[in-house]
Amino acid sequence: METGNNVMAERHGATRGVRADEGWPAAELRGVTKRFGRNGEVVALDALDLAFFPGQVTALLGPNGAGKTTAVRLLLGLAWPTSGVARLFGTDPRDPAARQRRGAMLQTGKVPETLTVREHVKLFSSYYPAPRPEPETLAVAGLEQLADRRFGELSGGERQRVLFALAICGAPELLFLDEPTVGLDVETRRALWGQIRRLSSEGVGIVLTTHYLEEADALADRVVVLHRGRVLADDTPSGVKRRAAGRRVRCFTRLDERELSALPGVRSVALKQGAAELLAENADPVVRALLAADPHLSGLEVTSAGLEEAFLALTQVA
C-alpha cells in the first residue's frame, strides 16, 4: 500500500521544492521580525524561528496579540517580514507552485453566498493541478446532503464545514486551520477531529490555531505557545503540561482559601462545588501539608494538570 507521503510526492513531483518524505520543514520562519505602525513601533514577531513538518499536527497557541495570525499570514504569502525569511516548501510563499501545495481555512475567508456547496468545491478544485475527487471532498467534510444547497442558506456550523472542504479540495501537503470548529456542535466537532487525524496520518502537515485548548490537547502532536512574538514553549502537549502546569490536587477540606494558598508550593486555589482544587509544581509537599493541617481531609485526588493550566501558567509568568 502506498503511504500518504509517497502519494503526495508522486502527485507533486520530486523536483519541485521540498519533498514531504525527506523530513525537511514544509514551512518555516527563520529569524523573522514583523513590525507594524508608522515607525515600526509595534512588534508582532520578534526574531522568530519556527518550522512545521509533514505529517505533524502543530497547535499554535497564544493570547490575543501573541503573533499567531501574523505568523500564519507570512507563511501564506499574505504579508511580508520586516526582516528574516519565510519559506513554504523551500521557496517564497507567494510562489504559485508552492501555493498549490497548501490549503488554508481562515476566519476571514468569505465566498459568494449564491453558489451551491458543490459549485464552490468545483471552482476551488479547478485551481489545483491534482485536486481531491469531488465526492471525496464532500464526504470528508460531511457535506454530501448539503451539496446542492446555496452557501447563503447554510447555518454557521455548516459554513465552517464548507470552508474546511475548500481548504482540503486541492489535496494539500500542508494545511492551515484557523479556529476550524467554531460554531460546530459536539458531534460534528468530533467528526472533524477524526478527519484531521486521518489527514495527518496520510502525511499532511497541519497548523492549527484554536482557542479550544482541549482541542489542541486532543489533536496536536506538538504545541507551540507564542507570547509577544516569541516562542514560550515548543513541546508535545504532555511535555508542555509537565513543564508548566505541574499537578492538580483536589480534596474536601475545612481549610479556607487563605490557608490553602499559604501551603508550600501552591500556585493557585479554586473552590468548586464544595471541593478545593490546588495547582502546584510538586504535589508531595502539598499533600503532606494538607494531611498535617486538616485531620478531617477527605476525597483526596492528585492528577496531572491540563493544557489550559499550562497555557495560563506560561503566559501569565511571561
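As a convention, each chain's residues are numbered from 1 in the sequence order in which they are written. Only residues with pLDDT of at least 70 get local features here, since the model is predicted, and only at 80 or more are side-chain atom pairs given and counted; chain-wide, interface and lining totals rely on the full set of residues. As a rule here, side-chain values cover all heavy atoms of the structure and leave hydrogens and water aside.

Caption draft 1: Spotlight on the layout of surface pockets. Whether a set of points on the 1 Å grid over the protein atoms alone is a cavity depends on a 1.4 Å probe fitting there but being unable to get out, while an open set qualifies as a pocket with protein on both sides within 12 Å along at least five of seven lines; lining residues are those with an atom within 4 Å of a point. Grid points are joined across faces, edges and corners, and a volume is the space filled by probe spheres set on the points. Its volume calculated, the largest pocket comes out at about 500 Å³. As for the largest pocket, its lining consists of 20 residues, of which R102, A104, F124, Y128 and L166 are closest to the centre. Counting residues per element, the ones that place at least two in the lining of the largest pocket are α3 (96-99), β5 (102-105) and α6 (156-168). Under the grouping applied here, Gly and all other residues not named as nonpolar or charged are polar, the nonpolar ones being Ala, Val, Leu, Ile, Met, Phe, Trp, Tyr, Cys and Pro and the charged ones Asp, Glu, Lys and Arg. For the lining of the largest pocket, the residue count by class is 13 nonpolar, 3 polar and 4 charged. Here the second largest pocket defines a volume of roughly 340 Å³. Per the convention used, a helix needs a DSSP run of H or I reaching at least four residues, while a strand needs a run of E reaching at least two, with both numbered from the N terminus. At the level of elements, α2 (68-75), β6 (174-178) and β7 (205-209) are the ones that each hand at least two residues to the lining of the second largest pocket. Here the lining of the second largest pocket is built from residues that sort into 9 nonpolar, 9 polar and 4 charged.

Caption draft 2: Spotlight on the pairing of strand β8 (residues 222-227). Using a 1.4 Å probe on the protein chains alone, a residue whose accessible area is under 20% of its type maximum counts as buried, one over 50% counts as exposed, and one in between counts as partly exposed. Taking burial as the measure, the 6 residues of β8 include 6 buried ones, the bulk of the element. Covered by surrounding structure in β8 are R222, V224 and L226 together with V223, V225 and H227, the residues of both alternating faces. Pairing between strands is defined by DSSP: at least two bridges between them are needed. Pairing of strand β3 (residues 57-61) with β8, which is carried by 4 bridges, proceeds in the parallel orientation. The residue bridging L60 from the neighbouring strand is V224, located in β8. Sheet topology note: the β8/strand β9 (residues 230-235) ladder contains 5 bridges and is antiparallel. Pairing of H227 across the sheet is with R230, part of β9.

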